[in-house]
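Structural overview
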Amino acid sequence: MLETIETYLALRRTTGFAMSNAEHLLKSFGAFAAERGHTHVHTQTAIDWAALGPSIAQRDARLKAVCRFARHIRIEDARHELPPANHFGTRKRRRPPHIYSGTEISRLIEAAGQLRPQGGLRSLTYATLIALLAATGLRISEALKLTFTDITSDGLLIRETKFRKTRLVPLHETAAAGLQGYLERRGPGSGDDPVFADMHGRPLRYIAVKETFDRLVAKVGIRSTSGLRPRLHDLRHTFAVRALQGSPSGRTGCGAHMVALATYMGHVNIYSTYWYLEATADLVRDIAVSGEAFLSEGAQA
């Protein structure tokens, strides 16, 4: 079975998945099954192995990894059993995002511009970074990995990031102008020099950016209705929701808009983009209205 696992992992990696966690889990399962003398996936063996996880969520994740593997190899060998994916009865829930208003984003940028030392590059760096995240929906990791080479006349080249995807992110003229103004103030740079650097010229570290952003959120008094602290990653969520709110009407136009947004944001699966339809009350309301209209048309036909 271990040889089959290696083949499965190699195939999945060719489609852009890192599979680092899946490799650890599946090889562990393969060794566990081998100890029982099994060369094929057996439901009870998979459940027994998954049950070794220290928490329900981890047991669920372990079993689902085996299920994905089993679905693939059963196509060629039906002797592999398919365990019940929901055996442990857990469901992954996404944390509800905080959708920043335009005023809140402006306040964050303004507060970043007041960071110490006054007149230094640090304040402009953070103000530009926050503005860029809000204007493009980039992942923070993508923004921090940007180099001078990645800035082109057509937009930002986002290289080999999540799911090993590379994409071009066009910039609105105002975003391009703001980034150019920052680069002129930042000073000369070329090649692999980071766009967003610390005082020593090294790429900004995520933990430093997160801590600074959290302080800015507290300073300007932004609070979420959920009671959870608004996050840096919520700037990406905000971009996606605002983009969906501007979607054209009609199923064809809306569908094309959704595909374009998924591509722009670098989603490997369009389901990740559809999730944003649940993020705000007005989007949920739009779904309800559209669904009712669609059913009414069907009834009249």
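The sections below set out a description of the structure shown in this document.

Conventions we followed
Residues numbered from 1 in each chain as written. Predicted model: local features only at pLDDT ≥ 70, side-chain atom pairs only at ≥ 80, totals over all residues. Heavy atoms only, no water. Pairing = 2+ DSSP bridges. Helix = DSSP H or I, 4+ residues; strand = E, 2+ residues; numbered from the N terminus. Buried < 20%, exposed > 50% of the residue type's maximum accessible area, 1.4 Å probe, protein only. Polar contact = N/O pair within 3.5 Å; in protein donor to acceptor, adjacent residues only side chain to side chain. Salt bridge = Lys/Arg side-chain N within 4 Å of Asp/Glu carboxyl O. Expected span 1.5 Å × (residues − 1). Contact = heavy atoms within 4.5 Å. Axes fitted to C-alpha atoms, helices over the stretch in contact; angles between N-to-C directions. Parallel < 35°, antiparallel > 145°, perpendicular 65-115°, else oblique. Left-handed = near helix turned anticlockwise from the far one by under 90°. Nonpolar A, V, L, I, M, F, W, Y, C, P; charged D, E, K, R; others polar. Lys, Arg positive; Asp, Glu negative; His and termini not counted. Core = buried A, V, L, I, M, F, W, Y, C linked by side-chain atoms within 4.5 Å.

**Section: the sheet that holds strand β3 (residues 167-169)**
Either a parallel or an antiparallel arrangement is found when strands of a sheet pair, and the pairing is made through backbone hydrogen bonds. Strand order in the open sheet made by the 3 strands is β1-β2-β3, with antiparallel pairing throughout. On the outer flanks of this sheet lie β1 (151-152) and β3, each paired with one strand and no other.

**Considerations on the side chain of R139**
With respect to the element layout, R139 can be found in the loop between α6 (121-136) and α7 (140-144). Residue R139 is classed as buried on the basis of its relative accessible area, which comes to 9%. A distance of 3.2 Å separates a polar atom in the side chain of R139 from the backbone oxygen of G266.

**Some words on the pattern of salt bridges**
Following the criterion strictly, the structure yields 13 salt bridges and no others. Between E23 and K27 there is a salt bridge whose closest N-O contact spans 2.8 Å. Taken as a pair, E23 and K27 lie in helix α2 (residues 20-35) at a separation of 4 residues, close to a single helical turn. A residue is classified by how much of its surface remains accessible, and E23, at 22% relative accessible area, is partly exposed. Close ionic contact of K210 with D214 constitutes a salt bridge, the shortest N to O distance being 2.9 Å.

**Considering helix α4 (residues 56-73)**
Here α4 contains 18 residues, and its C-alpha end-to-end distance of 26 Å stays within 8% of the 26 Å for a straight helix at 1.5 Å per residue. Of all the positions in α4, only D60, R62, L63, A65, V66, C67, F69, A70 and I73 are classed as buried. Here the buried face of α4 lies against α1 (2-14), α2 and α3 (43-50).

**Focus: the environment of L171**
The residue L171 is located in the loop between β3 and α8 (173-186) in this model. The partly exposed category is assigned to L171, whose relative accessible area is 21%. Note: C-alpha distance between L171 and L132 (39 residues apart in sequence) is 9.3 Å. Excluding anything up to four places from it in sequence, L171 contacts L132, T136, G155, L156, A176 and L179.

**Some points on the packing of α1 against α2**
The N-to-C vectors of α1 and α2 enclose an angle of 165°; their axes lie 10 Å apart at closest approach. The pairing of α1 with α2 is recorded here as roughly antiparallel in orientation. Our pair here, α1 against α2, has a crossing hand that is right-handed. Where α1 approaches α2, its residues L2, I5, E6, Y8, L9 and R13 are matched on the opposing element by S20, A22, E23, L26, K27, G30 and A31. Residues belonging to the contact of α1 with α2 are distributed by class as follows: 7 nonpolar, 2 polar and 4 charged.

**Quick notes on the side chain of R62**
One can find R62 in helix α4. Although R62 lies buried, it forms no salt bridge, and the closest oppositely charged side chain, D48, sits 11 Å away as judged by the N-O distance. The residues contacting R62, other than those within four sequence positions of it, are L25, W49, A50, L52 and G53.

**With respect to the packing of helix α5 (residues 102-112) against α6**
Interaxial distance between α5 and α6 falls to 7 Å at its minimum, and their mutual angle equals 160°. As summarised for this structure, α5 and α6 are arranged roughly antiparallel, according to the angle between their axes. The interaxial crossing formed by α5 with α6 has right-handed handedness. Packed against α5, whose contacting residues are I105, L108, I109 and A112, the element α6 presents S123, Y126, A127, I130, A131 and A134 at the interface. A per-class count over the contact of α5 with α6 returns 9 nonpolar, 1 polar and no charged.

**Concerning the nonpolar core**
Nonpolar side chains in soluble globular proteins generally cluster together in the buried interior. Membership of the largest hydrophobic core comes to 35 residues, with the highest contact counts inside it found for L108, L129, L138 and F196. Those elements giving two or more residues to this core turn out to be α5, α6, α7, β2 (155-158), α8 and α9 (206-220). The leading source of residues in this core is α6, at 6 residues. With residues up to four places along the chain from it excluded, the contact list for L108 reads Y100, I130, F213, L216, V217, V220 and I222.

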